[in-house]
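Observations on chain architecture
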Amino acid sequence: MNVPKSGYRVFSANSTAACTQLAKKITERLGVELGKSVVYQESNRETRIDVKESVRGQTIFIIQTIPRDVNTAIMELLVMVYALKTSCANNIIGVIPYFPYSKQCKMRKRGSIVSKLLASMLAKAGLTHIITMDLHQKEIQGFFSFPVDNLRASPFLTQYIQEEVPDYRNAIIVAKSPSAAKRAQSYAERLRLGLAVIHGEAQRAESDMADGRHSPPCVRNTSGHPGLELPCKQQAPFPGIELPIMMAKEKPPITVVGDVGGRIAIIVDDIIDDVEDFVAAAEILKERGAYKIYIMATHGLLSADAPRLIEESAIDEVVVTNTVPHEVQKLQCPKIKTVDVSMILAEAIRRIHNGCQFEVFESELTLVEKTGGHEEKLHACGPALFSVCPLATARSKCAKPVD
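Residues numbered from 1 in each chain as written. Predicted model: local features only at pLDDT ≥ 70, side-chain atom pairs only at ≥ 80, totals over all residues. Heavy atoms only, no water.

Turning our attention to the pairing of strand 5 (residues 91-96). Of all six residues that make up strand 5, five are buried, and the element is covered over most of its length. By the bridge criterion, five bridges tie strand 4 (residues 59-63) to strand 5 in an arrangement that is parallel. Of the residues in strand 5, the one forming a bridge with I62 is G94. As a crossover connection, the stretch from strand 4 through helix 2 (residues 70-86) into strand 5 is right-handed. The pairing of strand 5 with strand 6 (residues 129-133) spans four bridges and is classified as parallel. Bridge pairing in strand 6 links V95 to I131. Since strand 5 and strand 6 lie parallel, the crossover through helix 3 (residues 114-125) that links them has a hand, and here it is right-handed. (Buried < 20%, exposed > 50% of the residue type's maximum accessible area, 1.4 Å probe, protein only. Helix = DSSP H or I, 4+ residues; strand = E, 2+ residues; numbered from the N terminus. Pairing = 2+ DSSP bridges. Right-handed = clockwise from strand over helix to strand, strands pointing away.)

This is the structure:
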């Protein structure tokens, strides 16, 4: 049975082996079984959910990893949340390590803010809380009408750098664009390393289309109804009113701000999807004297021909977490390495269920697993549910025991 004394259940919103892998790791660390449910597609591609056990009055955690078919995964999550809501679950908490559509969080031309739409859909379906990891923009949390816990993967990735990158003290952290400089600065400060920023015409920065409101147009539009055109500086139908011409953006030649000569370059970002920008950044860093190049990212989407491009590029290694399944890409490219973050997700579930504080959760995270014995270290909020000591708990203020 999946019924711990504490009264919570853990379900996976996807039945495929690749997507349930993270869910199984989390439940193993928590010491509970994965909830019994069936998620499948009808012959007409409709999503159907069948929950095989009672959830009445329980707190439910739904783990959903996002495969390549993003829209199907979203529909699976929505249908499962609603099914659990109508089955009288008390609280329904979504564990969505990679939040989809997070890049569409700004108004661009005549587009829409899709991440806000998705947040509204999840709330309407019945979610009461979300656990996610490294949102593309922290401001996305404001789109939700319920609490959001945005965890960080940086402790895991910085530990990988310290343990797996030879001579990492000779490394330099690189931001592949000015917009990524803040994240890169955080890594540089934690590792006590230098910082470099790539800037120039090779980048397609999101700031180029910040809100899409290009007003006024620099050329008079004559295709519409006469008399409705906006005034331009050359043609001012209203005496005394002249609007300035909008100057076109022109990026400078690509440059690297910072010395990377004779250093190990470590490019950090939150998402690695289309890798053309990363490949171009690796080439310019090689030209500037970097002798080894690593890519560190939380979410390894690695779409399209990403594995082939990485294999043929100057990149030495790409390190991502297992928030998104990418086993097929790893088979295609041995340069791709994976860091497991199931421990922090399991601990987040445990703390939310027990009402523990997150105040010192990640800052005191230690990532050394016990391999020689089975002893459990005690938390201030009770014994750990797995034989890993993820927290230095001397300052933890939670006193509720684990069931």
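More follows now that the structure is in view.
Right, let's talk about the sheet that holds strand 5 for a bit. Pairing is parallel in the open sheet, where five strands are placed in the order 1-4-5-6-7. Looking along the sheet, the strands with just one partner apiece sit at the ends: strand 1 (8-12) and strand 7 (148-151). The sheet shows a mean angle of 15° between the axes of neighbouring strands, taken without regard to direction. Sitting on the sheet, helix 9 (residues 342-354) touches strand 1, strand 4, strand 5, strand 6 and strand 7, and the angle it makes with strand 6 is about 155°. (Axes fitted to C-alpha atoms, helices over the stretch in contact; angles between N-to-C directions. Contact = heavy atoms within 4.5 Å.)

Here H129 shows up in strand 6. Side-chain polar atoms of H129 contact the side chain of D149, separated by 2.7 Å. In contact with H129, not counting residues within four places along its chain, are I92, I93, G94, F146, P147, D149 and I352. (Polar contact = N/O pair within 3.5 Å; in protein donor to acceptor, adjacent residues only side chain to side chain.)

Another aspect to go through is the packing of aromatic side chains. The tally for this structure, following the rule as stated, stands at three aromatic pairs. Judged by centre distance (5.4 Å) and plane angle (70°), the rings of F99 and F144 are edge-to-face. On the criterion of sequence distance, the pair formed by F99 in the loop between strand 5 and helix 3 and F144 in the loop between strand 6 and strand 7 is long-range, its members being 45 residues apart. Taken together, the ring pairs connect F99, F144 and F146 into an aromatic cluster. (Phe/Tyr/Trp six-rings, centres within 6.5 Å; stacked < 30°, edge-to-face > 60°.)

In terms of nonpolar packing, the biggest core is built from 47 residues, with I131, I173, I266, M296 and L345 touching the most fellow members. Ranked by residues supplied to this core, first place goes to helix 9 with seven residues. When sequence neighbours within four positions are dropped, the list of residues in contact with I131 reads I93, G94, V95, I96, P97, D149, L151, L345, A348, I349 and I352. L77, L78, F144 and F146 belong to the second largest nonpolar core, which has 31 residues in total. (Core = buried A, V, L, I, M, F, W, Y, C linked by side-chain atoms within 4.5 Å.)

Right, let's get into the environment of N150. Inspection of the secondary structure puts N150 in strand 7. Separated by 17 residues in the primary sequence, N150 and M133 have C-alpha atoms spaced 5.1 Å apart. At a separation of 3.1 Å, a polar atom in the side chain of N150 contacts the main-chain amide nitrogen of L135.

What follows concerns helix 3. Helix length check: helix 3, at twelve residues, gives a terminal C-alpha distance of 16 Å against a target of 16 Å (1.5 Å per residue), a fit within 8%. Those residues of helix 3 that sit buried are V114, S115, L118, A119, L122 and A125. When helix 3 is viewed along its axis, its buried side chains cluster within an angular range of 145° and face the same direction. Facing away from the buried side of helix 3, by more than 90 degrees, are the exposed residues L117 and K124. Check the buried side of helix 3 and you find it contacts helix 2, strand 5 and strand 6. Just downstream of helix 3, G126 is the residue with a positive phi angle, here 135°. (Expected span 1.5 Å × (residues − 1). Arc of directions from axis to C-beta.)

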